[in-house]
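Here is what each chain is made of, one letter per residue.
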Amino acid sequence: MTPSSLDRQSIVAPPGFDRLLVPPAALAVHLSIGQVYAFSTFNLPLTRVIGITHSAPADWNLKEIGWVFSIAIAILGLSAALFGRWVERAGPRKSMFIAALCFSGGFIVSAFGIHLHQLWLLYLGYGVLGGCGLGIGYISPISTLIKWFPDRPGMATGMAIMGFGGGALIAAPLSVLLMAHFKTATSNGVLETFVTMGVIYFMFMMIGVYSARVPAPGWKPEGWIAPAQPKHLVTTGDVAADMAWRTPQFWLLWVVLCMNVTAGIGVLGQASPMIQEIFGRRVSPAAAASFVGLISLSNMGGRLFWATLSDYIGRRNTYRVFFLLGILLYSTVPTIGHLGSIPLFVAAFCIILSMYGGGFAAIPAYLRDMFGTYQVGAIHGRLLTAWSAAGVLGPVLVNYIRQYQIDHGVPKAQAYSVTMYIMCGLLLIGFLCNFAMRPVDEKYYYRGSIES
């Protein structure tokens, strides 16, 4: 691979190219960076780097390690916003390549941090450098997929973003297997696992890099004709990234995404202890792990299901379902816990997490509807700062309110009730912002020439 082969003009698809080859390239990247959802498998081992089988006095504690994930998610959104326009100019191959270098490099730098027992290197490696790989890799294929599938933008982005939600299903067992393989009397295997996963993910992401293609200027699917009368809330023009965030629609969508993500990400990060504390000894650690796997599957499947459905019922209606159904489910969770019904509890959170994933998958198509395809990747990158905010807000709400409740004498089984009602309030805010969406005023349209 030469530097010139990474350029956008080098990857223009020839006539007759099968567009169905593009989503697997995006999947290769998203399945890799989706490992971030499984980072919690390293939490306890990282607190035993010195003690090996138990935490030694000089070991890091869980609170310190917990910031690695939060930093990575925060940098994901910030880097997507910062590099969004560059990703549009450079094209998917070059940006995917840079993402692969950053994400895999984050593991290697973190391994040095573990070896030297320097926590700041862990923050810098996986948190900052790996977070940049997450942000650039997440948005790299989105604009390209939307241009390849103008007839089914929700389905196309759902296929790719589904991989991000499902990455943990591969990463979690792989991490456990590698740590067990490398474990010795002097190492718990986490350092060697970081190095190995850095190499594995770089190689896997390079499959996506080599497979990336962009459509030729003016390309359209064979036999497809753009509808003469666009659907409601679908723009007939294009809006540049620098102009998009001056519109009220951008900030309404920012709040919509932030509220939807906040309501899901806090639960996702606390799922295992939550179900054990609510139902006590009726749920074993193994069963709690199965619950985490099940809601991860719902997160992944919801990304494809809801995004595809949004092509038929519209993006605003899809988010209406998210918020109204979410409010109903969150408000009944305390009652379900009081009744002691584990099946109903699991079913409620499977639906909630499917809508959490669906919100991520449907938002690029929503942006395309509102702002057109020109620089939609850059606009998407800037919108992902809502994810950064939610990545901090969600876990803080769940963890700190739970601890506050327990400190004031509330039993652990009831310590999540207030949080569930707060989530209902957040979803109501998201519903009102989504309800307020209107077409973008023509004064914001881009008047220059646009190339694919």
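Everything that follows concerns the structure shown earlier in this document.
Numbers given to residues run from 1 along each chain, matching the order in which its sequence is written. It should be noted that, the model being predicted, local features are given only for residues of pLDDT at least 70 and side-chain atom pairs only at 80 or more, the latter also being counted only at that level, while totals for whole chains, interfaces and linings use all residues. With hydrogens and water stripped out, all remaining heavy atoms of the structure feed into the side-chain values.

(A) Just the packing of aromatic side chains, in detail. Stacked, tilted and edge-to-face are the three classes applied to pairs of Phe, Tyr and Trp rings, where Trp contributes its six-membered ring and a pair requires centres within 6.5 Å; stacked means planes under 30 degrees apart, edge-to-face means over 60, and tilted covers the rest. Taken as a whole and assessed by the stated rule, the structure comprises 31 aromatic pairs. Note on tyrosine 319 and phenylalanine 322: the rings are 5.1 Å apart at their centroids and 75° apart in plane angle, and the pair reads as edge-to-face. Placement of the pair is tyrosine 319 and phenylalanine 322 together in helix α12 (residues 315–339), with a separation of three residues, close to one helical turn. Here tyrosine 319 and phenylalanine 322 have matching classes, each one buried. By the ring-pair criterion, three or more aromatic residues cluster together here, those being Phe39, Phe42, Phe103, Phe107, Tyr126, Phe194 and Tyr201. Comment: the charge-over-ring label is applied if NZ (Lys) or CZ (Arg) is within 6 Å of the ring centre and within 35 degrees of the ring normal. A cation over a ring is seen here: arginine 382 above tryptophan 245, with NZ or CZ 4.6 Å from the ring centre. For helices the rule is a DSSP run of H or I covering at least 4 residues; for strands it is a run of E covering at least 2, with both sets numbered from the N terminus onward. A 1.4 Å probe rolled over the protein chains alone gives each residue an accessible area, and that area as a share of the maximum for its type sets the label: buried under 20%, exposed over 50%, partly exposed in between.

(B) Layout of helix α3 (residues 62–90). With 29 residues, α3 extends 39 Å between its outermost C-alpha atoms, agreeing within 8% with the 42 Å of an ideal straight helix rising 1.5 Å per residue. At any given residue, the bend is defined as the angle formed between two axes, one fitted to the seven residues that end at that position and one fitted to the seven that begin there. Its axis deflected by about 55° at phenylalanine 83, α3 carries its strongest bend there. Counted as a polar contact is a pair of N or O atoms within 3.5 Å, where, for protein atoms, one must be capable of donating a hydrogen and the other of accepting one, and residues adjacent in sequence contribute only when both atoms are in side chains. For α3, the N-terminal capping position is held by asparagine 61, with its side-chain oxygen 2.8 Å away from the main-chain nitrogen of glutamate 64. A positive phi of about 90° marks glycine 91, the residue just after α3. Expected helix span is given by 1.5 Å per residue-to-residue step, counting one fewer step than there are residues.

(C) Region of interest: the state of the cysteines. The disulfide definition used here is simple: a pair of cysteine sulfur atoms within 2.5 Å. Evaluation of the coordinates by the stated rule reveals zero disulfides. With no disulfide partner, cysteine 258 has as its closest neighbouring cysteine sulfur the one in cysteine 433, 10 Å distant. Exposure remark for cysteine 258: the relative accessible area of 4% places this residue in the buried category.

(D) Broad picture of the environment of leucine 122. Note on placement: leucine 122 falls in helix α5 (residues 119–139). In this structure the C-alpha to C-alpha distance between leucine 122 and glycine 372, which are 250 residues apart in sequence, comes to 39 Å. Note on contacts: a residue pair qualifies if any of its non-hydrogen atoms lie within 4.5 Å across the two residues. Here leucine 122 is in contact with Leu46, Trp60, Ile65, Val68, Ser110, Ile114, Gly127 and Phe194, once residues within four sequence places are set aside.

(E) Examining the packing of helix α14 (residues 376–383) against helix α15 (residues 385–407) more closely. Axes here refer to lines fitted to C-alpha atoms; in helices the fit is confined to the stretch in contact. Angles between the N-to-C directions go from 0 to 180 degrees. Look at α14 against α15: their axes get within 4 Å of each other, and the N-to-C directions meet at 20°. When the axes of α14 and α15 are compared, the pair comes out roughly parallel. Residues Gly381, Arg382 and Leu383 of α14 pack against Thr385, Ala386 and Trp387 of α15. In the scheme used here, Gly and all other residues not listed as nonpolar or charged are polar, with Ala, Val, Leu, Ile, Met, Phe, Trp, Tyr, Cys and Pro taken as nonpolar and Asp, Glu, Lys and Arg as charged. Grouping the amino acids of the contact of α14 with α15 by side-chain chemistry returns three nonpolar, two polar and one charged. Angles below 35 degrees are treated as roughly parallel, those above 145 as roughly antiparallel, those between 65 and 115 as roughly perpendicular, and all remaining angles as oblique.

(F) Quick look at helix α7 (residues 153–182). Here α7 is 30 residues long and its end C-alpha atoms lie 43 Å apart, about the 44 Å a rise of 1.5 Å per residue gives. A maximum bend of about 40° is found in α7 at glycine 165.

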